[in-house]
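Here are the chains, one letter per residue:
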Amino acid sequence: MPSIIPTSNKEKPLFPCFKKSFITCIAILSVVFFKTLYEKIRGNEIARLTDKGGMRFPRLSIFLSRFQIQFRSIRHEFLLKIGLVALIPLLFISVFNYQYYRQSSIDSTADIQSLINNNTATKIHLYIMAQQLYFIEFSKHSVPAITTEKDAFTLRDRMSIRQFVTGMHGSLGFFDALLICDENGRVLGSSSKDLGLVKTFTDFSPSAGFAFSKVGPVQYGDHTLNAQVAVMPLSKAAKRLYLVGVSTLSALTPFVEEERMRMQEKHLEKSIIMLVNTEDNQPIFTHTNETVIPEGIDWGTVDDQNRQIRNGALVWYADTDLISIGSQNYHLTTIVTKKDILYSATKMLQITLALVCITLTLIAGMVLLLSNQFTAPLQRIKERMKSIAAGDYRGRIQVCRQDELGQLSDSANQMTDDLESASNKIQQQMTEIKAAHKQSDQLLLNILPPSIADRLKGGEENIADKVDSASVLFSDIVGFTQFSSTMDAPALVKALNHLYSLFDDLLGEYPVEKIKSMGDGLMLVAGLPDPDPDHAVHMVNYAKAMGRVLQQFNEESQHHLQLRVGIHSGPVVAGVIGKRKFAYDLWGDTCPGRL
């Protein structure tokens, strides 16, 4: 069964959501502030428990870090956080505004319904008053056929009466039919073709003056209508005759339809306007394009405090106005659906959500623009760090700010200067180390053959090789003791160094290794450390070259030195001995101690 639910019609403030929205914004900002403060305190506490506490809480930071959102970009972080801070109040404002406009739509619709009812009732009252005046005025007209007293009316008289009644019906459109009856209910004339053959008006009741009955079933002849009957005596009739009007109130439908069209213009598409009999609570007529109409409602209980009608999931809002037509009262009732009422609120919600989207878009654009002010210096610092990592210390970050980002840029430039200075020192030290390393390698090569030196630098500790065939050369200067006694020490060393340097120069021309020098004697080997099948040939050629070099030395220095050379081929054992001073030496029968 449909039911009527009390509805408050209390006056609403202009902006009821402003205070709630302001409080909501303050609450949200407070939550964000205290959350940030809590995270800062919690971050310090985590550092104290994890870093200062050593390994006592190794999993604490891992556990707490799961609740922290990691962003790949500051822009994304700014966009999300500021977007959330802006979105939540905007959504609350949208919800509050929707509630406000919802109630406002209900109230404004109630005003529209009341205005429609008042306009319709006023038009109906004026129209009926005018029709009543016309009805009374026409009752005073004279009709030739009835101005003389007759016992019977001829067909011609009846035709004359019918023409008179039909002429009046053009001005009395409120009535579906106009009749002239005698006091016994006999019909003398009718404006309706359907009633032309009716002889008797059964439910006719004579009246001394104008009378307008209540609505009810009216029967004349074989016709029965649910209508109201107006009766007025004809003042100029010879007999007691009456002008009778029968109305089913169908003439009122244009006024109702006009007002319903006005309601549709206000987006109340499924509105319903009914004229309801107050006595049996049944509608006289209903105007609507809606298929579902509330039924079983006591329309007399609908007022400003009880407007909502519910039938299951369907909800309507009704407004009534009392209309009196003659002695009959009616409820002029306008009904609108909840969906139509909330049309404006829904539209406003859509507009609000659109404005929210536009606002969020503008906020996002502003956030991106503002974030560029933060990320641009950081991006320059990032690129500078990449250049530094690649070894480029030439560029510097241009500092245009005095805030923390400017201080960070200064620190990055200072770090670049320090790194460049440290890099230059390192390069200088590396150059010195390389030079020292090269010198040490050269000294090592002066002591050892290159392949043996490489093996020694490679970490090999016990270097010993045995070859089945190699050639060993021993040489010394004939009469060196007598020669040295005739010269002072510097001149002797200088002459001997010059001669042996010439011998060393020959080593680059022959595959021969110098093993050692012993006073005026030399020991060389061919076929070691790298095997050489022609070691004897190479050694003999080197000995001949030594002779030529000695002859050249004698010619330049005016000395008469002679060289004694011995060569022996056979198996040889070679190796490195010594810990602080290395020596590459040979052992075996192929290596006699002295020539």
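As the structure is a computational prediction, the values presented were derived from the model and not from experiment. (Residues numbered from 1 in each chain as written. Predicted model: local features only at pLDDT ≥ 70, side-chain atom pairs only at ≥ 80, totals over all residues. Heavy atoms only, no water.)

1. A few points about the overall build of the chain
Moving on, step 1. Along the chain, the regular secondary structure elements total 12 helices and 17 strands.
Moving on, step 2. For the chain, contacts bridging at least 24 residues in sequence account for 62% of all contacts bridging at least 6.
Moving on, step 3. Looking at the chain as shown, the accessible area adds up to about 34900 Å², and 57% of this sits on carbon and sulfur atoms. (Helix = DSSP H or I, 4+ residues; strand = E, 2+ residues; numbered from the N terminus. Contact = heavy atoms within 4.5 Å. Areas by Shrake-Rupley, 256 points an atom, 1.4 Å probe, with all protein chains shown as cover.)

2. Focus: the packing of helix α11 (residues 489–506) against helix α12 (residues 535–557)
Moving on, step 1. Following both chains from N to C, one finds α11 and α12 inclined at 145 degrees, their axes separated by 10 Å at the closest point. The crossing of α11 and α12 is right-handed. Residues A495, H498, L499, L502, F503 and L506 of α11 touch α12, and the partners they reach there are Y542, A545, M546, V549, L550, F553 and E556.
Moving on, step 2. Counted by class, the contact of α11 with α12 contains 11 nonpolar, one polar and one charged residues. (Axes fitted to C-alpha atoms, helices over the stretch in contact; angles between N-to-C directions. Left-handed = near helix turned anticlockwise from the far one by under 90°. Nonpolar A, V, L, I, M, F, W, Y, C, P; charged D, E, K, R; others polar.)

3. Remarks on helix α5 (residues 253–265)
Since the α-helix advances by 3.6 residues per turn, residues separated by three or four positions end up pointing in the same direction.
Moving on, step 1. The first and last C-alpha atoms of α5 sit 18 Å apart over 13 residues, in line with the 18 Å expected at 1.5 Å per residue.
Moving on, step 2. Just downstream of α5, H267 is the residue with a positive phi angle, here 65 degrees. (Expected span 1.5 Å × (residues − 1).)

4. Overview of the side chain of Q328
Moving on, step 1. Looking at the element boundaries, Q328 is found in strand β12 (residues 328–337).
Moving on, step 2. Among the polar contacts made by the side chain of Q328, one reaches the main-chain amide nitrogen of V215 at a distance of 3.2 Å.
Moving on, step 3. What Q328 contacts, discounting residues up to four positions off in sequence, is K214, V215, Q228, N277, T278, E279 and I323. (Polar contact = N/O pair within 3.5 Å; in protein donor to acceptor, adjacent residues only side chain to side chain.)

5. Quick look at the pattern of salt bridges
Moving on, step 1. One pass over the full model with this rule turns up eight salt bridges.
Moving on, step 2. Ionic pairing is found between R564 and D476, a salt bridge with its closest N-O pair at 3.1 Å. Placement of the pair is R564 in strand β16 (residues 562–577) and D476 in strand β13 (residues 464–478), with a sequence separation of 88 residues.
Moving on, step 3. As a salt-bridge pair, K514 and D504 come within 3.4 Å of each other at their nearest N and O atoms. You can see K514 sitting in strand β14 (residues 512–518) and its partner D504 sitting in helix α11, a full 10 residues away along the chain.
Moving on, step 4. For K514, a relative accessible area of 27% translates into the label partly exposed.
Moving on, step 5. Each of K123, E258, E259 and R262 takes part in one network of salt bridges that share partners. (Salt bridge = Lys/Arg side-chain N within 4 Å of Asp/Glu carboxyl O. Buried < 20%, exposed > 50% of the residue type's maximum accessible area, 1.4 Å probe, protein only.)

6. Quick word on the packing of aromatic side chains
Any two aromatic rings considered together are summarised by their centre-to-centre distance and by the angle between their planes.
Moving on, step 1. Overall, the coordinates contain 11 aromatic pairs when judged by the stated rule.
Moving on, step 2. On the basis of an interplanar angle of 40 degrees and a centroid distance of 5.1 Å, the ring pair of F135 and F175 is categorised as tilted. Taken together, the residues span a long stretch of sequence, with F135 in helix α3 (residues 74–138) and F175 in the loop between α4 (155–169) and β2 (177–182) at a distance of 40 residues. The residues F135 and F175 share a single accessibility class, namely buried.
Moving on, step 3. Taking the centre distance of 6.3 Å and the plane angle of 40 degrees together, the rings of F175 and F212 count as tilted. Taken together, the residues span a long stretch of sequence, with F175 in the loop between α4 and β2 and F212 in strand β4 (residues 211–212) at a distance of 37 residues.
Moving on, step 4. Following the ring pairs from residue to residue traces out a cluster consisting of Y127, F135, F174, F175, F210, F212 and F255. (Phe/Tyr/Trp six-rings, centres within 6.5 Å; stacked < 30°, edge-to-face > 60°.)

7. Some thoughts on the environment of E269
Moving on, step 1. With respect to the helices and strands, the residue E269 is situated in the loop between α5 and β8 (272–277).
Moving on, step 2. Considered as a pair, E269 and I341 are 72 residues apart in the sequence and their alpha carbons are 9.8 Å apart.
Moving on, step 3. Apart from residues no more than four positions distant in its own chain, E269 is found in contact with R260, Q264, N289 and D340.

8. A look at the sheet that holds β14
Moving on, step 1. Reading across from one edge, β14-β15-β13-β16-β17 is the order of the five strands in this open sheet, with antiparallel pairing throughout. Two strands close off the open sheet at either side, each with one partner strand: β14 and β17 (583–587). Each neighbouring strand pair of the sheet contributes to a mean axis angle of 40 degrees, computed without reference to strand direction.
Moving on, step 2. Bridge count between β14 and strand β15 (residues 521–526): six bridges; the pairing is antiparallel. Along β15, the bridge assignment pairs S517 with L522. (Pairing = 2+ DSSP bridges.)

9. Focus: the pairing of strand β10 (residues 308–311)
Consecutive side chains along a regular strand alternate between the two faces of the sheet.
Moving on, step 1. As judged from the four bridges shared by β10 and strand β11 (residues 314–325), these two strands associate in the antiparallel manner. Bridge pairing in β11 places N311 opposite L314.
Moving on, step 2. Joining the antiparallel neighbours β10 and β11 is a turn of two residues, in which G312 adopts a positive phi near 70 degrees.

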